[in-house]
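# A look at the structure
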Amino acid sequence: MNKLHPDIEAVTARIVERSREPRTRYLDLIAQERENGVVRTRLSCGNFAHGFAAAGEDKNAIRTGRGINIGIVTAYNDMLSAHQPYGRYPEQMKLFAREVGATAQVAGGVPAMCDGVTQGQRGMELSLFSRDTIALGTAVALSHGMFEAAALLGICDKIVPGLLIGALRFGHLPTILVPAGPMPSGLANKEKQRVRQLYAEGKATREELLEAESASYHGAGTCTFYGTANSNQMMMEVMGLHMPGAAFVNPGTQLRQELTRAAVHRLSEIGWGGNDYRPLGLCVDEKAIVNAAVGLLATGGSTNHAIHLPAIARAAGIVIDWEDLDRLSAAVPLIARVYPNGAGDVNHFQAAGGIGFVIRTLLDHGYLHGDIMTVAGSSLQDYALDPVLSDGAVEWREGAAEPLDRTMLRPANDPFQPDGGMRLVKGNLGRATFKTSAVDRSRFTVEAPARIFADQDEVLAAFQAGELERDVVVVVRFQGPRANGMPELHKLTPALGVLQDRGYRVALVTDGRMSGASGKVPAAIHVTPEALGGGPLAKLRDGDVIRLSAETGELSALVDAAEWESRDEASATPRRTGTGRELFGIMRQGADGAEKGASAMLAAMEQGW
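Residues numbered from 1 in each chain as written. Predicted model: local features only at pLDDT ≥ 70, side-chain atom pairs only at ≥ 80, totals over all residues. Heavy atoms only, no water.

### Brief notes about the overall build of the protein chain
As a reminder of what qualifies: Counting from the N terminus, the helices are DSSP H or I runs at least four residues long and the strands are E runs at least two residues long. Atoms considered for the radius of gyration are the C-alpha atoms alone. The globule rule reads 2.2 Å times the number of residues to the power 0.38. Accessible area is worked out with a 1.4 Å probe on protein chains only. A residue is then buried under 20% of its type maximum, exposed over 50%, and partly exposed in between. Here the accessible surface of atoms and residues is derived via Shrake-Rupley with a 1.4 Å probe, and residues count as covered only by protein chains that are part of the display. Charged residues are defined narrowly, with Lys and Arg counted positive, Asp and Glu counted negative, and His plus the chain ends left uncounted. For charged residues, the charge sits on one atom: NZ in Lys, CZ in Arg, CG in Asp, CD in Glu.
When its secondary structure is counted, the protein chain shows 24 helices and 14 strands. Computed over the C-alpha atoms, the radius of gyration of the protein chain is 24 Å, within 12% of the 25 Å expected from 2.2 N^0.38 for a compact globule of 609 residues. If one aligns the C-alpha atoms of the protein chain with their principal axes, the spans along those axes are about 75 × 50 × 50 Å. Counting the 609 residues in the protein chain, one finds 61% classified as buried. Carbon and sulfur atoms make up 51% of the accessible area of the protein chain, which totals about 22,500 Å². Side chains of the protein chain give 61 positive and 70 negative charges; the mean places of these two sets differ by 2 Å.

See below:
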């Protein structure tokens with residue numbers, strides 16, 4: 001492992017200094033919770049009896065406190081492919097706990113909604129705030145004080161950030177995240193994308209589209225493209241919160257089961273009653289947060305984490321911003337090409353060397369902090385090993401010294417591109433994220449007239465009517481967290497891709513969200529401040545020329561400054577009800593900006609409510 005890269009060191013120091021006061025308050029909190037918080041031994045007899053009344057054969061062990069009791073927080077449901085495998089995990093984990101003299105109980109369940117199901121639908125307006133709902137559910141589950149450690153079962157977009165945010169408020173508990181793995185590869189993602197674009201052009205039938213989607217999403221496990229869900233799994237590895245190499249092992253395999261067994265056994269070793277106490281709140285420090293950002297940038301991961309990572313950090317008393325991500329992106333090389341940034345999916349990525357190779361090469365060239373407290377071993381170096389089965393048990397061995405497929409993986413000293421592919425763009429339209437890793441360099445700068453829309457359905461209607469057959473910057477505003485919950489706008493990707501393929505210079509500017517699936521069209525996303533409440537997007541008019549440039553970091557309307565200042569702001573469309581959206585009004589009303597994590601919950605927490 002080489003000396004830390006000076007730019008990584010400088011950004012880390014910047015974050016440490018900015019976080020000094022809130023981090024100190026957080027560490028004081030978890031120390032107080034460890035010493036004086038609610039634990040089994042301090043519960044009244046009535047409280048305690050309720051906690052083990054239905055524990056079956058574990059009842060006496062929990063009652064007498066012979067070993068640690070692990071609280072399982074699960075995002076299981078059997079509608080969603082990623083979370084369906086979790087159905088049998090709790091019973092298995094109870095058996096694994098007994099093997100080492102521990103016990104386990106399901107502390108609670110949290111919702112797991114799927115952006116794949118709600119994409120372009122009304123439910124997508126609940127999506128971002130489901131993260132905070134999950135955090136609250138995790139807090140409720142762990143509030144009973146029955147546990148000395150926690151196991152978090154979750155995979156996808158908002159689920160892992162939500163579980164982690166909630167668990168960090170119980171940061172005195174040792175905690176391991178337990179994944180379930182990606183589904184086996186189905187229809188190639190490039191072919192799925194081709195059919196989607198044909199359907200957008202009216203050249204494929206709905207039945208042909210459904211057949212392609214069904215062949216792609218075909219079984220139990222996480223979707224195989226490198227969007228937010230699989231970016232989550234990568235981040236948990238580089239933060240040291242999984243068992244090493246657990247991220248991308250398929251469900252239903254013996255290795256998958258043995259990794260889960262290893263996680264339970266490890267929790268019994270790092271609980272607060274032993275000699276190797278590793279509380280979550282110490283594992284997630286400034287260095288771990290920087291590692292998460294570096295891993296994200298090096299692998300071309302989801303831009304959703306430009307929102308989620310600041311929120312996770314805040315829950316641990318750490319303050320990061322998009323300037324930090326921009327500086328890291330300028331220093332960190334892109335070493336992975338996983339769809340939509342390449343042809344292969346996460347199973348191909350795993351076969352080519354996977355997360356073990358990524359961590360190994362980034363450590364070797366000084367891009368990751370190796371000296372962090374992980375849940376597994378002495379340093380992050382343990383995560384450069386690959387898990388394998390040996391006589392039916394898991395052990396960790398050195399992986400391939402070189403990537404096995406250089407179209408998917410490269411060493412850090414011979415990357416696909418020298419930067420991490422995520423830029424901060426800013427100007428008189430605000431601050432936004434531009435993911436460059438999937439965009440051809442010839443399209444890094446787009447300067448064209450704006451066409452302004454209030455939602456993505458209006459864009460698609462204009463596309464079908466032929467109104468966008470020109471160079472155009474499509475602006476979709478009033479899509480921020482306070483306006484309508486900040487839905488993802490991937491419904492636009494096929495149509496904008498068609499326009500780009502026809503030779504037009506096209507870009508998207510929005511205060512809504514896109515993720516790691518955002519693809520090849522230049523886009524300034526998560527614009528903050530959002531249009532609602534005075535953000536500059538509300539001043540734009542059709543025909544204003546917009547310059548979006550990843551090369552210069554610019555997001556500007558080329559409008560005379562005096563005229564710009566004199567303009568009135570457009571009015572938002574009326575808020576919509578139905579599909580439960582009205583229940584989330586308090587979250588919209590109190591949400592802060594995307595760069596801070598877009599959370600009413602965390603904003604209120606910091607204000608002392």
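Resuming the write-up.
### Re the environment of alanine 448
Stated precisely, the cut-off is as follows: The contact rule is simple, with two residues in contact once any of their heavy atoms fall within 4.5 Å.
Within the secondary structure, alanine 448 is located in strand β9 (residues 445–453). Each residue touching alanine 448, except ones within four places of it in the same chain, is listed here: Asp471, Val472, Val473, Asp544, Val545 and Ile546.

### Points about the nonpolar core
Applied cut-off: Each nonpolar core is a collection of buried residues, namely Ala, Val, Leu, Ile, Met, Phe, Trp, Tyr and Cys, held together in the definition by side-chain atoms within 4.5 Å.
Residues Leu168, Leu241, Ile289, Val294, Ile359 and Leu362 are the most contacted members of the largest nonpolar core, which totals 132 residues. Per-element tally for this core: the top contributor is helix α14 (residues 286–299), with nine residues. Setting aside residues no more than four positions away along its own chain, valine 294 makes contact with Ile8, Leu328, Val332, Leu362, Tyr367 and Leu368. Residues Phe478, Ala524, Leu540 and Ile546 belong to the second largest nonpolar core, which totals 29 residues.

### Topic: the pairing of β9
This is how the line gets drawn: By definition, two strands form a pair when at least two bridges between them are found by DSSP.
Relative to strand β13 (residues 545–549), β9 is paired through five bridges, and the arrangement is antiparallel. Directly across from threonine 445, in β13, lies its bridge partner serine 549. In terms of strand pairing, β9 meets strand β10 (residues 472–476) through four bridges, oriented parallel. Note that in β10 the partner of alanine 450 across the bridge is valine 473.

### Things to note about the packing of aromatic side chains
Which entries qualify depends on this criterion: Each Phe, Tyr or Trp ring (for Trp, its six-membered ring) is paired with any other whose centre lies within 6.5 Å, and the angle between the two planes then decides the class: stacked below 30 degrees, edge-to-face above 60, tilted in between. Counting as a charge over the ring demands two things of the Lys NZ or Arg CZ atom: a distance within 6 Å of the ring centre and an angle within 35 degrees of the ring normal.
Per the counting criterion, the structure on display carries four aromatic pairs. Residues tyrosine 86 and tyrosine 89 carry aromatic rings whose centres are separated by 5.0 Å and whose planes lie at 90 degrees to one another, so their mutual orientation is edge-to-face. One exposure class covers both tyrosine 86 and tyrosine 89, and it is buried. Across the ring face of tyrosine 277, the terminal group of arginine 34 is positioned such that the distance to the ring centre comes to 5.5 Å.

### Side note on the side chain of histidine 172
Locating histidine 172 in the fold gives a position in the loop between α8 (159–168) and β4 (175–178). Overall, the relative accessible area of 6% leaves histidine 172 in the buried class. In this structure histidine 172 touches Ile30, Glu33, Arg34, Trp272, Tyr277 and Pro279, once residues within four positions along its chain are discounted.

### Side note on helix α15 (residues 305–315)
For α15, the buried fraction is high: 11 of the 11 residues fall into the buried class. Inspection of α15 places His305, Ala306, Ile307, His308, Leu309, Pro310, Ala311, Ile312, Ala313, Arg314 and Ala315 among the buried residues, and these make up the whole buried set. Positive backbone phi, at 75 degrees, marks glycine 317, one or two positions downstream of α15.

### A look at unusual backbone geometry
Looking along the chain, the bond that leaves tyrosine 339 and enters proline 340 is cis, with omega of 15 degrees. Along the chain, the position of proline 340 falls in the loop between α16 (322–331) and α17 (346–351). Positive phi, close to 55 degrees, is recorded for aspartate 391, a residue that is not glycine. Judged by its relative accessible area of 85%, aspartate 391 falls in the exposed class. The backbone of phenylalanine 478 sits at a positive phi, close to 60 degrees, despite the residue not being glycine.

### A look at a nonpolar patch on the surface
Going by this rule: Think of a patch as exposed residues, more than 30% relative accessible area, with no salt bridge, where like charges cluster within 9 Å and nonpolar side chains (Val, Leu, Ile, Met, Phe, Trp, Tyr) cluster within 5 Å. Each salt bridge in this description consists of a side-chain nitrogen of Lys or Arg and a carboxyl oxygen of Asp or Glu lying within 4 Å of one another.
Together, Leu27, Leu282 and Met373 make up a nonpolar patch on the protein surface, roughly 200 Å² of accessible area in all. Mapped onto the fold, leucine 282 is located in helix α13 (residues 280–283). The exposure class of leucine 282 is partly exposed, given its relative accessible area of 37%.

### Points about the pairing of strand β5 (residues 385–390)
Relative to strand β6 (residues 393–398), β5 runs antiparallel, the two being bridged by six bridges. Opposite aspartate 386, over in β6, you have arginine 397 as the bridge partner. In textbook terms, the turn of a hairpin is the stretch between consecutive antiparallel strands, and for β5 and β6 this stretch comprises two residues, one of which, aspartate 391, has a positive phi near 55 degrees.

### Focus: the packing of helix α7 (residues 127–142) against α8
Our working rule: To define axes, lines are fitted to C-alpha atoms, for helices over the stretch in contact only, and angles between the resulting N-to-C directions are given on a 0 to 180 degree scale. Working rule for angles: under 35 degrees goes down as roughly parallel, over 145 as roughly antiparallel, 65 to 115 as roughly perpendicular, anything else as oblique. For any helix crossing, the convention is left-handed if the near helix is rotated counterclockwise from the far helix by under a right angle, and right-handed if that rotation is clockwise.
Taken N-terminus to C-terminus, the directions of α7 and α8 make an angle of 40 degrees; their axes are 7 Å apart at the nearest point. Judged on the interaxial angle alone, α8 and α7 are oblique. When the axes of α7 and α8 are compared, the crossing they make is right-handed. Contacts between α7 and α8 pair Arg131, Ile134, Ala135, Thr138 and Leu142 from the former with Ile159, Pro161, Gly162, Leu163, Ile165, Gly166 and Ala167 from the latter.

### Describing the pattern of salt bridges
Pairing between side chains becomes possible if they bear opposite charge and their charged atoms approach one another. Overall, the coordinates contain 40 salt bridges when judged by the stated rule. Here aspartate 321 ties to arginine 18 by a salt bridge, and the two come within 3.8 Å at their closest N and O atoms. Of this pair, aspartate 321 sits in the loop between α15 and α16 while arginine 18 sits in helix α1 (residues 6–18), placing them 303 residues apart in sequence. The partly exposed category is assigned to arginine 18, whose relative accessible area is 27%.

### Concerning the packing of helix α11 (residues 228–238) against α15
What counts is decided by this rule: Classes in brief: Ala, Val, Leu, Ile, Met, Phe, Trp, Tyr, Cys and Pro nonpolar; Asp, Glu, Lys and Arg charged; the others, Gly included, polar.
Remark: α11 packs on α15, axes separated minimally by 12 Å, with the N-to-C direction vectors making an angle of 40 degrees. By the angle between their axes, α11 is oblique relative to α15. The hand of the α11/α15 crossing is right-handed. Between α11 and α15, the contacting residues are Thr228, Ser231, Asn232 and Met235 on the first element and His305, His308 and Leu309 on the second. By residue class, the composition of the contact of α11 with α15 is two nonpolar, five polar and no charged.

### Some details on the sheet that holds strand β3 (residues 149–153)
Within a sheet, each strand pairs with its neighbour through backbone hydrogen bonds, oriented either parallel or antiparallel. If you trace the four strands from one edge of the open sheet to the other, you get β2-β1-β3-β4, paired in parallel fashion. The open sheet terminates on both sides in strands that have one partner only, identified here as β2 (103–109) and β4. Across this sheet, the average inter-strand angle for adjacent strands is 25 degrees, counted without regard to direction. For strand β1 (residues 69–74) and β3, the ladder comprises five bridges, and the chain directions are parallel. Its bridge partner being in β3, isoleucine 72 is matched across the sheet by alanine 151. Relative to β1, α7 is tilted by about 155 degrees, and along the sheet it contacts β1, β2 and β3.

### Observations regarding the environment of leucine 532
With respect to the secondary-structure elements, leucine 532 resides in the loop between β12 (523–528) and β13. When the C-alpha positions of leucine 532 and arginine 477 are compared, they lie 8.5 Å apart, and in sequence the two are 55 residues distant. Residue contacts for leucine 532: discarding those within four places in its chain leaves Phe478, Arg482, Ala483, Ala572 and Arg575.

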